Amino acid sequence: MIEPAHPQRPSWDEYFMGITELVAQRSTCLRRRVGAILVRDKRIIATGYNGAPSNIKHCLEVGCLREQKGIPSGERHELCRGLHAEQNAIIQAALHGFSVAGATLYCTNLPCSICAKMLINIQVERVYYKEGYPDELTALLMSEAGIPLFKLG
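Let me sum up the structure you'll find in this document. (Residues numbered from 1 in each chain as written. Predicted model: local features only at pLDDT ≥ 70, side-chain atom pairs only at ≥ 80, totals over all residues. Heavy atoms only, no water.)

Notes on the packing of aromatic side chains
Part 1: Applying the stated criterion across every chain yields a total of six aromatic pairs.
Part 2: Both rings, one in Trp12 and one in Tyr15, keep their centres 5.7 Å apart while their planes meet at 85°; by these two values the pair is edge-to-face. Taken together, the positions of Trp12 and Tyr15, both in helix α1 (residues 12-24) and three residues apart, correspond to about one turn of that helix.
Part 3: Residue classification places Trp12 among the partly exposed positions, given a relative accessible area of 41%.
Part 4: A network of ring pairs unites the aromatic residues Trp12, Tyr15, Phe16, Tyr106, Tyr128 and Phe150 as a single cluster. (Phe/Tyr/Trp six-rings, centres within 6.5 Å; stacked < 30°, edge-to-face > 60°. Helix = DSSP H or I, 4+ residues; strand = E, 2+ residues; numbered from the N terminus. Buried < 20%, exposed > 50% of the residue type's maximum accessible area, 1.4 Å probe, protein only.)

Digging into the pairing of strand β3 (residues 104-109)
Part 1: Along β3, six of the six residues are buried, which leaves the element largely enclosed by surrounding structure.
Part 2: Across four bridges, strand β1 (residues 35-40) lies against β3 in antiparallel orientation. In the sheet register, Ile37 faces β3, and the bridge partner there is Tyr106.
Part 3: Looking at chain direction, β3 and strand β4 (residues 126-131) are connected through five bridges and run parallel. When the sheet's bridge partners are listed, Thr104 is paired in β4 with Arg126.
Part 4: Following the chain from β3 across helix α5 (residues 113-121) to the adjacent parallel β4, one finds a crossover that is right-handed. (Pairing = 2+ DSSP bridges. Right-handed = clockwise from strand over helix to strand, strands pointing away.)

Examining the packing of helix α4 (residues 85-95) against α5
Part 1: It is the contact of α4 with α5, at a shortest axis distance of 9 Å, that shows an interaxial angle of 30°. By the angle class used here, α4 and α5 are roughly parallel. Viewed along their axes, α4 and α5 form a crossing whose handedness is left-handed. Contact with α4, carried on its side by Glu86, Gln87 and Ile90, involves Ile114, Cys115, Met118 and Leu119 of α5 and no other residues of that element.
Part 2: Partitioning the contact of α4 with α5 into residue classes produces five nonpolar, one polar and one charged. (Axes fitted to C-alpha atoms, helices over the stretch in contact; angles between N-to-C directions. Parallel < 35°, antiparallel > 145°, perpendicular 65-115°, else oblique. Left-handed = near helix turned anticlockwise from the far one by under 90°. Contact = heavy atoms within 4.5 Å. Nonpolar A, V, L, I, M, F, W, Y, C, P; charged D, E, K, R; others polar.)

Written out as structure tokens, the structure is:
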């Protein structure tokens, strides 16, 4: 069988979301695997997935504090060993000296309101996400800041 000369290519948004889904596979969270990437000028600046900070035991090793305490998703973010994927992407960019102003965030989930505030302050231009997240404040904050949210897939 002869392959077509130009097989269907994904759009840039589909391409980056596909990479984001691959990044999420590195997650060490027992509840939800989340991946995030920061992109500017069609170039990946940084990636992040949710999990414990460096040199701290992962939930995979010690169990989920949030599960043990019966904390619902979207509440009491501070009671978790892990960082969110968006936070880790921002931290990786800073650690390696990359400016993220004007970047686009691709994330497997809608960012929580804490991450939304960080994204506003780092001056991301837009956010693409695949699945929702139970934090109603996110949409309000992003709208007020003029940062559009786009659901993909």
